[in-house]
Structures are given as C-alpha cells and as structure tokens.
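Remarks on the overall topology
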Amino acid sequence: EPVAKYGTLDVTFDYDSQEQKLLVTVTAVTDIPTYSRTGGSSWQVHLVLLPIKKQRAKTSIQRGPCPVFTETFKFNHVESEMIGNYAVRFRLYSVRRMKKERIVGEKIFYLTKLNLQGKMSVPVILEPSYSLSGCDSQMSMSEVSCSESTSSCQSLVHGSAPEILIGLLYNATTGRLSAEVIKGSHFKNLAANRPPNTYVKLTLLNSMGQEMSKCKTSIRRGQPNPVYKETFVFQVALFQLSDVTLILSVYNKRSMKRKEMIGWISLGLNSSGEDELNHWTEMKESKGQQVCRWHTLLES
C-alpha cells in the first residue's frame, strides 16, 4: 500500500528567553499509519535537543488510533542568541508487548522558527526515518530542511559530532550479513585545518571478543562528508547472530605510517549505545530488507 502518512504531532513550544528554557508540550498524534503497517496500537513520542543530544524526554505510552498525551517537557540552557543552533528531534514509536519498540516517523524541528517570547502551536509532520527501498530518504542533520532554515544548518554543521550512515541487511537463508558503509558527515582532521583522508575499518568479533573477520573501505581524500557506498558481506549463521559484535572504526590517514582514529561505533552483542542496539534489532526483524541509520561516532 502506498505510504502517505507517518503521523502528525500537535506540539506547543513555549520559550522563555529570560530563563533560557524551552517548554515543549506534546498534545496528540494524528495521521498514524495503519495498524498492519506499524504492527502496534500503542504509541510513544521521544524528544531530544540537538545538536548535543544530552537533554532527552519521552511521553507516556498511549493506546488507540489517535493517542492523546498532553505532556510538557522542559529543556534548559537554550540561549536566545544561539537559538539558531538548536533543534528538537521528534520520533514516534509504536510499542508492542514483548517486542522491541519500532520507529514510525521522525522530524527535526529547527528553533529558528520559534517566537522568542510566548507560545506557539504547530503541527509537526513526521517523515519516514528510512525508506524500505534504500537509504536515500534518511538524511543527516546537516542536510535536513536546509531550505527551511539555512542559517541553522550552517551553524549546526560547525558544532556537529562526526556521524556515519550504515545500512544493515541479514539474509537468514544464506547466513549472509551485509554491512554497507554509505557515507560520513563532519569528519575532522584533528591535527590540521584541512579536510581529512578517511577510511572505515570493519571488524567482526565472536562472543569471546576474538576476531572472526575484518575488512576496510578505500580511502576518500580531503572530504569532511565522504561518500563510500561500499558493501561488505560476513558469513554469520542465524544461531550466531545474537553473539557477534560488528565494530566500525573511522580513521584519518595522515601519512604512509601514521593514522588517527576519528571515532568508532559497535553493533550487535556489545553495542556501543541504544541507537546501535536498536539498529541491530531492526535488522533482525526486517526480514531481509536493508535498514539504514545514522550513528554518532564515539571518540577513541
């Protein structure tokens, strides 16, 4: 069936420039996709203040096709003169009993659109967090809605952490785990001011932490936002899938012998974070469809 809606949030923003605090009220959600497509009738909204991602919140879980929340969340230290640097990311999850929650839609709302004093109610129309056909609709923060607010995109780019877009696919019949390194964003050269020469190393470990397989991409020279589009296939039996860890390390190659790590993430058994664990779980549940996600690199 054609995918038309991913949910519309009824949201009120109330910004106090004196206190430097932002109140966000999530009232209700409409236009939720049909039950058959999302596999759930209970819903929860997650909020995170970007670009730092330190201040997070989530609503209670509500049931039914038009859930009503009417819950208010407070974000502190939002300076009015820096308002263009901030955004709130909204994500709607369908919550199923005994199963992992599943993301339905998301939207990054840039605070440049706010009235700097007083309340403002807006419909926040969610978009797909990834398309089933591939990874093109999943965008990094520096790309999303730049037309809406170029200034905030520019400022976000400067203070942003390095991120990497990974596509995962598992074929249970053949036991093939495919990891596509799609692209990176905000890769920095720590020692110099010129853009880095980067490559990504992939290492598959067993449950004991022993190396099963490793490979790496070719080098992308002088690019802070490199596009790799390289896929690596690992042989992993279905019974092993919950016991392996896939580590992705991004390196800046400075000379023939010198390299420095820009950052890393791990997926699978010893995932480096909640987002990474969710990505692995979604891959296992997606029955052979590629699942693409952005991940923020951890510093070495």
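Structural notes, computed from the coordinates.

Calculation rules
Residues numbered from 1 in each chain as written. Predicted model: local features only at pLDDT ≥ 70, side-chain atom pairs only at ≥ 80, totals over all residues. Heavy atoms only, no water. Buried < 20%, exposed > 50% of the residue type's maximum accessible area, 1.4 Å probe, protein only. Helix = DSSP H or I, 4+ residues; strand = E, 2+ residues; numbered from the N terminus. Pairing = 2+ DSSP bridges. Salt bridge = Lys/Arg side-chain N within 4 Å of Asp/Glu carboxyl O. Axes fitted to C-alpha atoms, helices over the stretch in contact; angles between N-to-C directions. Contact = heavy atoms within 4.5 Å.

**Thoughts on the pairing of strand E10 (residues 163-171)**
- Across the 9 residues of E10, 7 count as buried, placing the element largely inside the fold.
- When E10 meets strand E11 (residues 176-185), the two strands line up antiparallel, connected through 9 bridges. Paired with Ile166 across the bridge in E11 is Val181.
- Linking E10 to E11, which pair antiparallel, is a turn of 4 residues; within it Gly175 sits at a positive phi near 70 degrees.
- With 6 bridges joining them, E10 and strand E17 (residues 291-296) adopt antiparallel strand pairing. Bridging from a neighbouring strand, Leu168 pairs with Val291 of E17.

**Looking at the pattern of salt bridges**
- Applying the stated criterion to the full structure yields 6 salt bridges.
- Note that Lys107 is salt-bridged to Glu127, the shortest N-O span being 3.0 Å. Linking Lys107 in strand E8 (residues 102-110) with Glu127 in the loop between strand E9 (117-125) and helix H2 (150-158), this pair joins segments that are 20 residues apart in sequence.
- Owing to a relative accessible area of 12%, Lys107 belongs among the buried residues under this scheme.
- Its salt-bridge partner being Arg293, residue Glu282 comes within 2.8 Å of it at the nearest N-O pair. Here Arg293 lies in strand E17 and Glu282 lies in helix H3 (residues 274-285), a separation of 11 residues in the sequence. Considered together, Glu282 and Arg293 belong to a single accessibility category, that of buried residues.

**A word on the sheet that holds strand E12 (residues 198-205)**
- The strand order across the open sheet formed by 4 strands is E13-E12-E15-E16, and the pairing between neighbours is antiparallel. In this open sheet, the two edge strands, each paired with only one partner strand, are strand E13 (211-216) and strand E16 (259-268). Taking each pair of neighbouring strands and ignoring which way they run, the sheet shows an average axis angle of 20 degrees.
- When E12 meets strand E15 (residues 245-253), the two strands line up antiparallel, connected through 8 bridges. Within the sheet, the bridge partner assigned to Leu205 lies in E15 and is Thr245.
- Strands E15 and E16 of the sheet are contacted by H3, whose axis makes an angle of about 50 degrees with E16.

The values reported here are purely geometric and, on their own, carry no functional implication.
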